[in-house]
Amino acid sequence: MLLFRQPSYDYSNTPKEEMQALGKKWQDWVGGIAAQGKLAGNGPRLAMEGKVLKAGGVVTDGPFVEIRERLGSFILVKADNLDDATTLAHGCPALDAGGSVEIRPIFE
Amino acid sequence: MEQAALKQLFQQEFSKMVAVISKIYGLQHIELAEDIVSETFLLATETWAAKGMPPNPAAWLYTVARQQTLYHFRRNRIFTEKVMPELTSRQEKTDEAALDFSLQNIKDSQLQMLFAVCNPAIASEAQIGLALRILCGFGIDEIAEAFLSNKETINKRLFRAKEKLRTENIKMELPPEPEISKRLDNVLHVLYLLFSEGYYSKTQNQILRKDLCLEAMRLCVMLTEYDRTNLPRTNALLALMCFHASRFGARQTEEMSQVLYEQQDPALWDTALISQGMHFLDLSAEGNEISSYHLEARIAYWHCQKADTPEKWEAILQLYNQLLMINYSPSVALNRTFALYKANGQHEALREAEKLKLENNHFYFLLLGELYTGIDDRKAKMNYQQARALAKTQTEKEGIQQKINNLP
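- Within an unreviewed UniProt entry, the label attached to chain B reads RNA polymerase sigma-70 factor (ECF subfamily), and the organism entered is Chitinophaga japonensis.

- An unreviewed UniProt entry lists chain A under the name YCII-related domain-containing protein, with Chitinophaga japonensis given as the organism.
- Taken directly from UniProt, the Sequence similarities (unreviewed entry) text for chain A runs: "Belongs to the YciI family."

This is how it looks when you write it as structure tokens:
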């Protein structure tokens, strides 16, 4: 599983053309993985808002204050090993936004 | 009536009559239905040759088929009464139900037959053969030619398919309401394959190929005429077929190979079919459903646009990206990479192409050859040579050699 994290998802000031270009970047990047027949599942995009439940029944609105990068979305890829999966992660647009891709094997 | 017209009439009526008779006899006896119809055609040919054509040939055929069916049935009943008395009551009931060749019953029976033939229990290769025979009225010779196979193989395949109809106890009926949408997917897939069989067929017989495509379209139209099967994806498939068929005259496909090989000749595109395609594409846009047919129809739509604009290739690229996420195939991956080349440029496409590793596919090396041209001509040549070695036909090999010769 490739998990994408970015410091910010605030695109409220981003012009429309740039948003389109960004959308295209993601589409082309995932399309490239799919073209290799290595896309196993396209995860949903996570919305900006959310809540966090902590021990003791404390509920907070911002789930993201403590971690530097928020989880944005994820995809499932097919790869023989962790290194191959990491190779697929190269070129991910989250990296351009100062974010990261976390590569984690899943149990089947 | 000339031979070709007679052949066409028989082909048209074959599927209707087999469907109506099978409705009475059950799919277990589909061979009997085929025999009855064949005998009827034989009688028609003899009688019409001697006395001339009746004013309404179809009505003549139905009347004779009705008599033939009764005759078979009575003969069959003697056998049944002696051997299997328990079946008589059912047979008697059937005897009373005269064959109904009304337009409505023909339509209903054909639709039910379509669902029966496209039952997932039958292997897909046999399914297409059976569809060609039973739904389209093609002769064994023609089916063999379309598959570039021989009559024995086709006969065996059909036999196995009919055996399945029996053993799986497949009935001539529409699936119950909750299942109809899922079963429709199977039917649409078979029609898609049927169309592709014609469109990409290896046979040189152009008339046969076109016939196959038109039959697939006719069956798809049939599905749009019935509320429960007239879904957005049905219209999307029909739109896809229209767009493809519009370029039939130009023998132009969106396959990368063809784009690389042939110069487009839009003058040969059939504009009437393109506007038909637009019509069905509009209908397919109802609701939120996006099937692979939707995506393929839109790709085909863009290929019907003459101007080679950046918008066109960007749209095609995104549609291929989406299509790959729904279902991957090597040819979609190659076509996507070609669109990437047109939309994002040669260098990016080359990087992506190198990752595909489709080592046994000559289109892959053809694409690599094209992408290396101008960047690294030595590698371009190596890839073209690899493509030439893997190409299956002489024409293709010559085409690739041409590209090698054109390299600086």
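Additional details are given in the paragraphs that follow.
**Quick word on the side chain of Thr224 of chain B**
Residue and element names in this part refer to chain B.
Step number 1: Counting through the fold element by element, Thr224 comes out in helix α10 (residues 206-224).
Step number 2: Overall, Thr224 belongs to the buried group, its relative accessible area being 15%.
Step number 3: Only 2.6 Å separates the side chain of Thr224 from the backbone oxygen of Val221, close enough to count as a polar contact.

**Brief notes about the sheet that holds strand β5 (residues 70-77) of chain A**
Residues and elements named next belong to chain A.
Step number 1: Ordered by their spatial adjacency, four strands build an open sheet running β2-β5-β1-β6, and the pairing between neighbours is antiparallel. The sheet is open, and its two edges are formed by β2 (39-45) and β6 (100-103), each paired on a single side. For this sheet the average axis-to-axis angle between neighbouring strands, irrespective of direction, equals 25°.
Step number 2: Note that strand β1 (residues 2-6) and β5 share five bridges and pair antiparallel. Residue Leu2 lies in a different strand from β5, and its bridge partner there is Ile75.
Step number 3: Together, β1, β5 and β6 form the strand contacts of helix α2 (residues 82-89), whose direction differs from that of β6 by roughly 160°.

**Some points on the packing of aromatic side chains**
All names here are of chain B.
Step number 1: Counted under the stated rule, the structure contains 14 aromatic pairs over all chains.
Step number 2: Seen from their ring centres, Trp48 and Trp60 are 5.3 Å apart, and the 70° between their planes marks the pair as edge-to-face. Placement of Trp48 in helix α2 (residues 30-51) and of Trp60 in helix α3 (residues 57-83) is noted, with a sequence separation of twelve residues between them.
Step number 3: Of note, Arg157 hangs over the ring of Phe147, and the distance from its end group to the ring centre comes to 5.0 Å.

**A look at the packing of helix α9 (residues 177-199) of chain B against helix α11 (residues 232-246) of chain B**
All names here are of chain B.
Step number 1: At a closest axis distance of 10 Å, the pairing of α9 and α11 adopts a crossing angle of 5°. Overall, the two elements α9 and α11 adopt an arrangement that is roughly parallel. Side by side, α9 and α11 meet where Ser181, Leu184, Asp185, Leu188, Leu191, Tyr192, Phe195 and Tyr199 of the first sit next to Arg233, Thr234, Leu237, Leu240, Met241, His244 and Ala245 of the second.
Step number 2: For the contact of α9 with α11, the per-class residue count stands at ten nonpolar, three polar and two charged.

How each quantity is defined
Residues numbered from 1 in each chain as written. Chains lettered and ligands numbered in written order. Predicted model: local features only at pLDDT ≥ 70, side-chain atom pairs only at ≥ 80, totals over all residues. Heavy atoms only, no water. UniProt positions renumbered as here; feature names shortened; annotations may be inferred. Helix = DSSP H or I, 4+ residues; strand = E, 2+ residues; numbered from the N terminus. Buried < 20%, exposed > 50% of the residue type's maximum accessible area, 1.4 Å probe, protein only. Polar contact = N/O pair within 3.5 Å; in protein donor to acceptor, adjacent residues only side chain to side chain. Pairing = 2+ DSSP bridges. Axes fitted to C-alpha atoms, helices over the stretch in contact; angles between N-to-C directions. Contact = heavy atoms within 4.5 Å. Phe/Tyr/Trp six-rings, centres within 6.5 Å; stacked < 30°, edge-to-face > 60°. Lys NZ or Arg CZ within 6 Å of the ring centre and 35° of its normal. Parallel < 35°, antiparallel > 145°, perpendicular 65-115°, else oblique. Nonpolar A, V, L, I, M, F, W, Y, C, P; charged D, E, K, R; others polar.

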